[in-house]
Amino acid sequence: MKFLTSTTISLLFALPFLASAAGDKKVKCETTTNQLEYYYGLASCSTFDGHFLSEYVSKSYSQWYTIIQDKYDNGSWKNYRCSSNLPNSAYETISDESCQYTPKASINRHYVEESYDSRTDTTYYAAGVIVAQFTFSDRDGEVQKVEKWVNG
């Protein structure tokens, strides 16, 4: 989504004690609803060496289910596994919201420490001046235009 931004932003000018952010609001939201099938029930199967395993499964999004169980057998614990189809299915309603977003612009102010270049005998910033720094973005597109206005 491409938006044009027209945001009041000052860069490297003294500002009052303000910091602001605008945008990144949801617009043009749509909600879609779908039915998603899931499986449940008693899964049971036998391992290759003849051990019977069973487990109740309350919800799985795959009908094929692998049972994994540790059993104490002949003086030690062994891990057994086998796979089974779940016997029952049902549907659940899933809602999903999809939105576009307005572009986002932020103005942050910070104090500048004096910047003096002794080679040129030039002071670039005086100490205590508040300087604005701006950022802008568009979550679902590309910012096409930024306008900076100072005192109107």
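Scroll up to find the structure.
Remember, predicted model here, so these are calculated numbers, not experimental data.

Caption draft 1: Looking closely at unusual backbone geometry. Of note, K28 is a non-glycine position whose phi angle comes to about 50°, a positive value. With phi around 55°, N74 is a residue other than glycine that occupies positive phi space. With respect to the helices, strands and loops of the structure, N74 is situated in the loop between β4 (64–73) and β5 (76–85). N74 sits in the exposed class, given a relative accessible area of 71%.

Caption draft 2: Expanded view of the sheet that holds strand β6 (residues 88–101). Pairing in this open sheet of 3 strands is antiparallel, and the strands run β3-β2-β6 from one edge to the other. Taken across any chain shown, the strands that pair with only one partner, and hence form the sheet edges, are β3 (52–60) and β6. Each strand axis lies, on average, 20° off the axis of its neighbour in the sheet, ignoring direction. Sheet topology places strand β2 (residues 26–46) next to β3; 7 bridges connect them, and they run antiparallel. Pairing of L42 across the sheet is with Y56, part of β3.

Calculation criteria
- Residues numbered from 1 in each chain as written.
- Predicted model: local features only at pLDDT ≥ 70, side-chain atom pairs only at ≥ 80, totals over all residues.
- Heavy atoms only, no water.
- Helix = DSSP H or I, 4+ residues; strand = E, 2+ residues; numbered from the N terminus.
- Buried < 20%, exposed > 50% of the residue type's maximum accessible area, 1.4 Å probe, protein only.
- Pairing = 2+ DSSP bridges.
- Axes fitted to C-alpha atoms, helices over the stretch in contact; angles between N-to-C directions.

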